Amino acid sequence: MTRVIDGTGNDGGTTGRLARAADAVRWEARSVGRAARAVVRGPGRERDLLVQSLKAALAALLAWLVAQVWLGDPMALMAPWVALVLVQATVYSSLVTGARQFAAICIGALVASGAQAVTDDTTGALALSLPVLVLLSNWSRFGDQGIYAATTAVFTIASGTVSAEAVGHRLGQAALGAVIGVAVNALVLPPVHLRDVRENLAALAREAGEVLSAVAGDLREGEWDAQTAVGRLNAAQRLQDRVDALRSARGWSRESMRLTSGMLRTLHRAPTEALPSEDEDERLGRITGHVMALTRSLAVAADEERSPAPPDPEVLRAYGKLLELLGDSCRAEADRLLGEENPGDPLLDRRTEAAMRDLHTRLQEGLSQEAGQGPARTAVLGTLVLQAENLWADLDPEARGR
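Residues numbered from 1 in each chain as written. Predicted model: local features only at pLDDT ≥ 70, side-chain atom pairs only at ≥ 80, totals over all residues. Heavy atoms only, no water.

1. Focus on the nonpolar core
Membership of the largest hydrophobic core comes to 43 residues, with the highest contact counts inside it found for Leu219, Val291, Leu298, Leu323 and Leu326. Where this core is concerned, the elements lending two or more residues are helix 8 (195-220), helix 9 (226-237), helix 10 (239-257), helix 12 (278-302), helix 13 (313-337) and helix 15 (375-395). (Core = buried A, V, L, I, M, F, W, Y, C linked by side-chain atoms within 4.5 Å. Buried < 20%, exposed > 50% of the residue type's maximum accessible area, 1.4 Å probe, protein only. Helix = DSSP H or I, 4+ residues; strand = E, 2+ residues; numbered from the N terminus.)

Written out as structure tokens, the structure reads:
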């Protein structure tokens, strides 16, 4: 392998690595800038993260003030530490995490004290207790909080104070931190993840529309080949990531209302009636499936090794016009989900519906013509027409049976 060295003696490979590192730094800086602008611009994920971070800091500070300044406890470190980590994404998860963490801390403190009493040596106590506690931290009942048993043991043994009084102080401080952390999370701007569901639904509809519009453009312009078809299929398959994000957001929205729904409704901070129903998740999921199936069929039709007789280009152009209208409908659906005024759903416009019916008739006629040219053409075009009909039916439920 030849190394390229410029006139100054610099290695070309090193220069390339530095350039890539500089690009990475610039990309991160731009990401930070976008996040900061999003916080200022309005409600969203970035502002939620900022609020939760400030709440965690507030909980830790309050725990320190109560434990060290007010109560004067010499082992006050435990309280802010526990309070800091208990400001979770939802109030329910804070309670569950707090219970698991407190149990882990209790076990860690008790095992560490017992090991110190048996060995009367710091190193021996660590060697005796840590293997057991690290193994115990993998117990599913602890979730991801089991490691606190081992870390508590390290703090307990390293501090040199393992008396019953010291252990009691640590457990008391852990309980105090847990109470403060959960209270701050529940009472100060409780986290409610209702907006995430709507945003993911709208993004899913919009991205599906973008895929359909891109495919429609390729078909209308006659730029449809195997490579283009595979690229569009990959774009459609990436919609599954958005479906997974929607499922996750729905789960967070349900959990964020547990134990806090009554209080939030009293404060008018939980407009649950405005949250899209789970039927919308299923409907958008079906639409995503139709888009993926449609692009997969087009990819098969464009592959000369798999489809010896692709549909006629004129028929595909007519199909592209139909997909463009369906893509517009997906984008209108996204606007509706976000509460945009007058989204202009093309499926509700009589002239657009008439145009779609005309295109559908042309496709049906093309299907009849293709039937005389062999079963391969008939199978491919028939599959495409069926998938477009399914997509139309889920975008416009009133279209069923018409």
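What follows picks up the thread again.
2. Let's talk about unusual backbone geometry
Here the phi dihedral of Asp120 falls at roughly 55°; this positive angle occurs in a residue that is not glycine. On the secondary structure map, Asp120 appears in the loop between helix 4 (91-119) and helix 5 (122-136).

3. Overview of the packing of aromatic side chains
Counted under the stated rule, the structure contains three aromatic pairs. With centroids separated by 5.3 Å and ring planes inclined at 55°, the aromatic side chains of Trp81 and Tyr148 adopt a geometry described as tilted. Pair noted here: Trp81 is in helix 3 (residues 78-85) and Tyr148 is in helix 6 (residues 147-159), with a separation of 67 residues, a long-range link. Between the aromatic rings of Trp139 and Phe142, the centroid separation amounts to 5.6 Å while the plane-to-plane angle is 90°, which identifies the pairing as edge-to-face. Each residue in the set Trp81, Tyr148 and Phe155 is aromatic and connected to the rest through ring pairs, giving one cluster. (Phe/Tyr/Trp six-rings, centres within 6.5 Å; stacked < 30°, edge-to-face > 60°.)

4. Quick look at the confidence of the model for the protein
With 76% of its residues at a pLDDT of 70 or more, the protein shows a mean pLDDT of 78. For the protein, helix 11 (residues 261-266) is the element with the lowest average pLDDT, namely 52, and helix 5 is the one with the highest, namely 91. In the model, residues 1-9 has pLDDT below 50 throughout and makes five contacts with residues more than four positions away in sequence or in other chains. (pLDDT = per-residue confidence, 0-100. Contact = heavy atoms within 4.5 Å.)

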